[in-house]
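Fold and geometry: a report
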Amino acid sequence: MGLSDPERRRRVERPSSTDEGFFVVEGPLVVRRLLDSDYRVRALLVTDRGLRSLDGALELVDVPVYLTTQAVVDTIGGFNFHRGALASADRRPLPDLTTLAHDADLAVMIEGVNDHENLGALFRNAAAFGAGAVVLDPTTTDPLYRRSTRVSVGNVLTLPYGRAQEWPGAIARLQALGFEVLALTPSVEADDIRSVAVRARQAVLVGAEGPGLSAAALAAADRRIRVTMAPGVDSLNVATAAAVVLHHLAARRGS
């Protein structure tokens, strides 16, 4: 039995480890961010529309640029693609936790998030509010998947991130590096984010929608925090809740 186009695409793009293989980004805006990043770009596939949208961005780029028709792009991509530009790039080794956290005073830790759009939005929010690093647990989905890079508006390409193989042990390792780890939960027993004071180094720990953070992760955190909502509303989207918390911490830091 043959694979469908989406299944074939996922199998080819999925890395066998975190530091090999390649990934694909879509749309002129994210392609521009890729070209400005440290990733080694393999090639671009563009339509006339996509080439016009990248005007000026390709002048100093020494990579193959293939100009073709919309029909060919749809056939190669395996889906009806209208953004006009695709690019592939090599993956690269991820930093260890100590290296990742070295220059960060605000970090985001993510456990079990398997929705590509939520993960992309988390990266976008982390970048917007000055987080210097993102730490993923072993089960969180691939941030370099096309939908994640698109929703992140390319921020996943420039915001340092890594994947902790020991979980929730990575929480203790970050604490040993001086971080206060704040576990975000809708529990009414958690502290309102507005009561949280800024410390020199802090990490916001978030989990998947539905199950939320694991009991082990909650137990390992220094403090449980929540975003207070109107009566009758039980929770926020994980990326939205993280944005509220990060905004609070960034505003208190004066950034």
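Burial analysis of strand 1 (residues 22-26) places 5 of its 5 residues in the buried class, the great majority of the element. Residues F22, V24 and E26 line one face of strand 1 and the alternating positions F23 and V25 line the opposite face, and both faces are buried. Of the pairings in the sheet, the one linking strand 1 to strand 4 (residues 85-90) comprises 5 bridges and is antiparallel in character. From the neighbouring strand, F22 faces strand 4, where its bridge partner is D90.

For helix 6 (residues 116-128), which comprises 13 residues, the first-to-last C-alpha distance of 18 Å matches the rise-based estimate of 18 Å (1.5 Å per residue) to within 8%. In the core, the buried residues of helix 6 are packed alongside strand 5 (106-111), strand 6 (133-136), helix 7 (146-151), strand 7 (161-163), strand 10 (202-207) and helix 10 (238-253). Of the residues that open helix 6, the one with a side-chain oxygen 2.9 Å from the backbone nitrogen of E117 is D115.

Bringing the sheet that holds strand 5 into the picture now. Strand order in the open sheet formed by 7 strands is 7-6-5-10-8-11-9, with parallel pairing between adjacent strands. Edge positions in the sheet fall to strand 7 and strand 9 (191-192), since each has one partner strand and no second. Of the pairings in the sheet, the one linking strand 8 (residues 180-184) to strand 10 comprises 4 bridges and is parallel in character. Residue pairing in the sheet places V181 in a bridge with A203 of strand 10. Contacting strand 5, strand 8 and strand 10, helix 8 (residues 169-176) crosses the sheet at an angle of about 170 degrees to strand 5. Of the strands in this sheet, strand 5, strand 8, strand 10 and strand 11 (223-226) touch helix 10, which is tilted by about 170 degrees from strand 10.

Applying the stated rule across the entire model yields 8 salt bridges. Across the pair R42 and D90 runs a salt bridge, and its minimum N-O distance is 2.5 Å. One end of the pair, R42, is in strand 2 (residues 41-46); the other, D90, is in strand 4, and 48 residues separate them in sequence. Look at R42 and you get partly exposed, because its relative accessible area is 36%.

Moving on: the side chain of N125. Here N125 lies in helix 6. For N125, the residues in contact, after removing those within four places along its chain, are A239, T240, A243 and L246.

Per-chain confidence: the protein chain averages 90 in pLDDT, with 90% of residues scoring 70 or above. Confidence drops under pLDDT 50 across residues 1-6; counting only partners more than four residues distant or on other chains, this segment forms 3 contacts.

Attention now goes to the nonpolar core. Counting 49 residues, the largest nonpolar core has L34, L44, I110 and V134 as its most contacted members. Broken down by element, this core gets its largest block of residues, 7 residues, from helix 10. Sequence-distant contacts of L44, that is, excluding residues within four places in its chain, are made with V31, L35, L54, L58, V63, P64, V65, Y66, L86 and A87. Among the nonpolar cores identified, the runner-up in size contains 22 residues, and L100, A133, L205 and L218 belong to it.

Another point: unusual backbone geometry. With omega at 5 degrees, the peptide bond leading from W167 into P168 counts as cis. With respect to the helices, strands and loops of the structure, P168 is situated in the loop between strand 7 and helix 8. The phi torsion at V153 lies on the positive side, around 55 degrees, for a residue other than glycine. Tracing the sequence through the fold places V153 in the loop between helix 7 and strand 7.

Glancing now at the environment of V73. One can find V73 in helix 4 (residues 70-77). Assessed through its relative accessible area of 2%, V73 is described here as buried. Residues V73 and A85, spaced 12 residues apart in sequence, show a C-alpha to C-alpha distance of 8.8 Å.

Interaxial distance between helix 6 and helix 10 falls to 9 Å at its minimum, and their mutual angle equals 10 degrees. In terms of axis orientation, helix 6 runs roughly parallel to helix 10. Side by side, helix 6 and helix 10 meet where N118, A121, L122, N125 and A126 of the first sit next to V238, A239, T240, A242, A243 and L246 of the second. Grouping the constituent residues of the contact of helix 6 with helix 10 by class yields 8 nonpolar, 3 polar and no charged.

What counts and what doesn't
Residues numbered from 1 in each chain as written. Predicted model: local features only at pLDDT ≥ 70, side-chain atom pairs only at ≥ 80, totals over all residues. Heavy atoms only, no water. Buried < 20%, exposed > 50% of the residue type's maximum accessible area, 1.4 Å probe, protein only. Helix = DSSP H or I, 4+ residues; strand = E, 2+ residues; numbered from the N terminus. Pairing = 2+ DSSP bridges. Expected span 1.5 Å × (residues − 1). Contact = heavy atoms within 4.5 Å. Polar contact = N/O pair within 3.5 Å; in protein donor to acceptor, adjacent residues only side chain to side chain. Axes fitted to C-alpha atoms, helices over the stretch in contact; angles between N-to-C directions. Salt bridge = Lys/Arg side-chain N within 4 Å of Asp/Glu carboxyl O. pLDDT = per-residue confidence, 0-100. Core = buried A, V, L, I, M, F, W, Y, C linked by side-chain atoms within 4.5 Å. Parallel < 35°, antiparallel > 145°, perpendicular 65-115°, else oblique. Nonpolar A, V, L, I, M, F, W, Y, C, P; charged D, E, K, R; others polar.

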